[in-house]
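Topology and contacts: notes
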Amino acid sequence: MSENTLFRRTPLYEAHLAAGGKLVEFAGWEMPVQYSGVLQEHRAVRTAAGIFDVSHMGEFRVAGEGSEAFLQAMTPNDVAKLKPGRIQYSGLLTEQGTYVDDLLVYRLAEDEFLLVVNAANSAKDFAWLQDHNDAGVTLEDVSSDYGLIALQGPKAEAILSGLTGTDLTAIRYYAFEQGEVNGRSAIISRTGYTGEDGFELYLAPEDTPAIWDRLMEVGGPKGLIPAGLGARDTLRMEAAMALYGHEIDDSITPLEAGLQWVVKFEAADFIGRQALVEMNDAGPTRKLVGFNVEGRGIARQGHKVIAGDEEVGFVTSGTFSPTLEKALGMAYVPVSMAATGTAVSLDIRGKFVPAVIVDLPFYQRPK
């Protein structure tokens, strides 16, 4: 905890001030919501590159004999298929098959993993893992050991390549290398939350500001600018990436959220498996869909989806898309109303605004 603030600060706090970042409270942290503006930052990531501070994310180390079996039981994806140097998107589920949180699983070695979880859920997630650690594997909250920078956009590789001896072209999507960036030790991960190519750099906290500054120095002439939480949200929404507390939470299952691909029923008897087997057999009754707003207005989380005069669903996220230049969002509706082209209305502050169901994602980067 820093002096004169109720909120935690990342190693990049001073860098945000120097760059003119507008700081807000987020998940108990003081974080930049924007610098030059959400539209400009969003478009920079789509056309050149943006740099994000994501040091608030939580990291847990799971190690020792039995760690693979432990994570097989705790997550619905197949951890056994992960080789060292590879990453898996997965979740922690309740017995009802709903989300405790979504997370990334990094396999560092045969019996060592790094879990990356949402900042707001970090304490809850760690307690959940501890409560279920019957195997006695080593479980450590190592969040304070890392600063985390996300470099995202079509020019990310060109910017980073000049600062590392690691062959970035050899790092596939959802893979990582232990290497160096500008002489500082780093985990270089080809992941992100924007729908663009890019990297996430796990660094020692004391090294993080210097790497941020060096990336800005090298990347600035290539169009790199700092980007905040506002652009991170509009970017992930265009790419239809789920956000805990919006598209997923402890009332929603992966089968409803369009994330059935993370559920490997044959892999292990993971927590929540039986509930998901039953839902899969019966078929989910609701589905996450995308929508375009046809009238005037921007839908926000919690706004009602209306068919005729009846409330049939609810909006999870909504925004104005800087890339597509239209209002759009995601919502849960009955499966019977989830077909592309279905007309609905949105209750936006008491006014019924027409919308149409569309395919997800809204945006896919050019290959």
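So, here's what we can say about the structure.

Definitions and limits used
Residue numbers here run from 1 along each chain, matching the order of that chain's written sequence. Since the coordinates come from a predicted model, pLDDT governs what is reported: local features require at least 70, and pairs of side-chain atoms require 80 or more to be given and counted, while whole-chain, interface and lining totals use all residues. Hydrogens and water molecules were not included; the side-chain quantities draw on all heavy atoms of the structure. Secondary structure is summarised from DSSP: a helix means a run of H or I of at least four residues, a strand means a run of E of at least two, and numbering begins at the N terminus for each. For this measure, only C-alpha atoms enter the radius of gyration; the expected value for a globule follows 2.2 Å times N^0.38, where N is the number of residues. The classification of residues rests on relative accessible area computed with a 1.4 Å probe and restricted to protein chains. Under 20% of the type maximum is buried, over 50% is exposed, and intermediate values are partly exposed. In what follows, residue pairs with any heavy atoms lying within 4.5 Å of each other are defined as contacts. Using the Shrake-Rupley algorithm and a 1.4 Å probe, accessible areas are obtained, with residue cover drawn only from the displayed protein chains. In this tally, Lys and Arg are treated as positive and Asp and Glu as negative; His is ignored, and so are the chain termini. Lys charges are placed at NZ, Arg charges at CZ, Asp charges at CG and Glu charges at CD. The pairing criterion for strands is at least two bridges between them, as found by DSSP. For helices, the axis comes from a line fit to the C-alpha atoms of the stretch in contact; other axes are also lines fit to C-alpha atoms, and the angle between any two N-to-C directions lies between 0 and 180 degrees. Salt bridges, as used here, are contacts in which a Lys or Arg side-chain nitrogen is within 4 Å of a carboxyl oxygen on Asp or Glu. Think of a polar contact as two N or O atoms within 3.5 Å of one another; within protein, one of them needs to be a possible hydrogen donor and the other a possible acceptor, and neighboring residues in sequence only count if both atoms come from side chains. Residues enter a nonpolar core if they are buried and are Ala, Val, Leu, Ile, Met, Phe, Trp, Tyr or Cys, with the set joined through side-chain atoms within 4.5 Å. Note on angle classes: values under 35 degrees are labelled roughly parallel, values over 145 roughly antiparallel, values of 65 to 115 roughly perpendicular, and the remainder oblique. Note: crossing handedness is left-handed where the near helix turns anticlockwise from the far helix by less than a right angle, and right-handed where it turns clockwise. Note that Gly is not counted as nonpolar here; it falls among the polar residues with everything else outside the nonpolar set of Ala, Val, Leu, Ile, Met, Phe, Trp, Tyr, Cys and Pro and the charged set of Asp, Glu, Lys and Arg.

This part takes up the overall build of the protein chain. In terms of helices and strands, the protein chain carries eight helices and 19 strands. The C-alpha atoms of the protein chain give a radius of gyration of 21 Å, which matches the 21 Å a tight globule of 367 residues would have. For the protein chain, the spread of C-alpha atoms along the principal axes amounts to about 60 × 50 × 45 Å. Across the 367 residues in the protein chain, those meeting the buried criterion constitute 55%. Contacts in the protein chain between residues far apart in sequence, at least 24 positions, make up 64% of those at least 6 positions apart. Accessible surface, the protein chain as shown: approximately 15,600 Å² in total, 48% of it carbon and sulfur. Looking at the protein chain, you have 31 positive and 50 negative side-chain charges, and the mean spots of the two groups are 8 Å apart.

Below, the discussion takes up the sheet that holds strand β10 (residues 176–181). Spatially, six strands are ordered β10-β11-β12-β9-β3-β13 in an open sheet, and the strand pairing comes out mixed. Across the chains shown, the open sheet's two edge strands, defined by having one partner strand only, are β10 and β13 (224–226). Taken pair by pair, the neighbouring strands of this sheet meet at an average axis angle of 25°, ignoring direction. Sheet topology places strand β3 (residues 49–53) next to strand β9 (residues 147–152); four bridges connect them, and they run antiparallel. Its bridge partner lying in β9, Gly50 is registered against Gln152. Strand contacts of helix α2 (residues 38–47): β3, β9 and β13, with the helix running at about 120° to β3, the strand carrying the most contacts.

With the rule as written, the count across this model stands at 16 salt bridges. For Arg43, the salt bridge goes to Glu325, with nearest N and O atoms at 3.7 Å. Of the two residues, Arg43 is situated in helix α2 and Glu325 in the loop between β16 (310–321) and β17 (326–334); the sequence distance between them amounts to 282 residues. The partly exposed category is assigned to Arg43, whose relative accessible area is 34%. Given the relative accessible area of 56%, Glu325 is considered exposed. When the shortest N-O distance is used, the salt bridge between Glu157 and Arg190 registers 2.6 Å. With Glu157 in helix α5 (residues 156–161) and Arg190 in the loop between β11 (184–189) and β12 (198–203), this pair connects stretches of sequence that are 33 residues apart.

Turning our eyes to something else, we now look at the sheet that holds strand β5 (residues 87–93). Overall, antiparallel pairing links the five strands, which are arranged β5-β6-β7-β4-β8 in an open sheet. This sheet does not close on itself; its edge strands, each paired only once, are β5 and β8 (138–141). In this sheet, adjacent strand axes meet at a mean angle of 25° when their direction is disregarded. Inspection of the sheet shows strand β6 (residues 99–109) paired to strand β7 (residues 112–117) by six bridges, in the antiparallel sense. When the sheet's bridge partners are listed, Ala109 is paired in β7 with Glu112. Packed on one face of the sheet, helix α3 (residues 67–74) meets β4 (58–63), β5, β6 and β7 and runs near 30° to β7. Of the strands in this sheet, β4, β5, β6, β7 and β8 are in contact with helix α4 (residues 122–131), which crosses β8 at around 170°.

Looking at where Thr342 falls in the secondary structure, it is placed in the loop between β17 and β18 (343–348). On the accessibility criterion, Thr342 (19% relative accessible area) is buried. Side-chain polar atoms of Thr342 contact the backbone oxygen of Ala339, separated by 2.7 Å. Those residues in contact with Thr342, other than ones at most four positions away along the chain, are Met337, Ala355, Val356 and Ile357.

Attention now moves to the nonpolar core. Among the nonpolar cores identified, the biggest contains 42 residues, and Tyr106 and Ile248 are the most heavily contacted of them. Dropping the residues within four chain positions of it, Tyr106 is found in contact with Arg86, Ile87, Glu112, Phe113, Leu114, Val116, Phe176, Ile187, Ser189, Thr191, Glu200 and Tyr202.

At a minimum axis distance of 8 Å, the contact between α2 and helix α7 (residues 229–238) shows a crossing angle of 50°. Compared by their axis directions, α2 and α7 come out oblique. In this structure, α2 crosses over α7, and the sense of that crossing is right-handed. Between α2, through Val38, Glu41, His42, Val45 and Arg46, and α7, the contact on the second element is made entirely by Gly230, Ala231, Thr234, Leu235 and Glu238. For the contact of α2 with α7, the class distribution of residues is four nonpolar, three polar and three charged.

Bringing unusual backbone geometry into the picture now. Peptide bonds are, in most cases, trans, and in most cases residues other than glycine have a negative phi. Residues Leu360 and Pro361 are joined by a peptide bond in cis, for which omega reads 0°. In this structure, Pro361 sits in the segment after β19 (351–358). With a phi close to 60°, Tyr174 is a non-glycine residue in the positive phi region. Inspection of the secondary structure puts Tyr174 in the loop between α5 and β10. For Tyr174, a relative accessible area of 18% puts it in the buried group.

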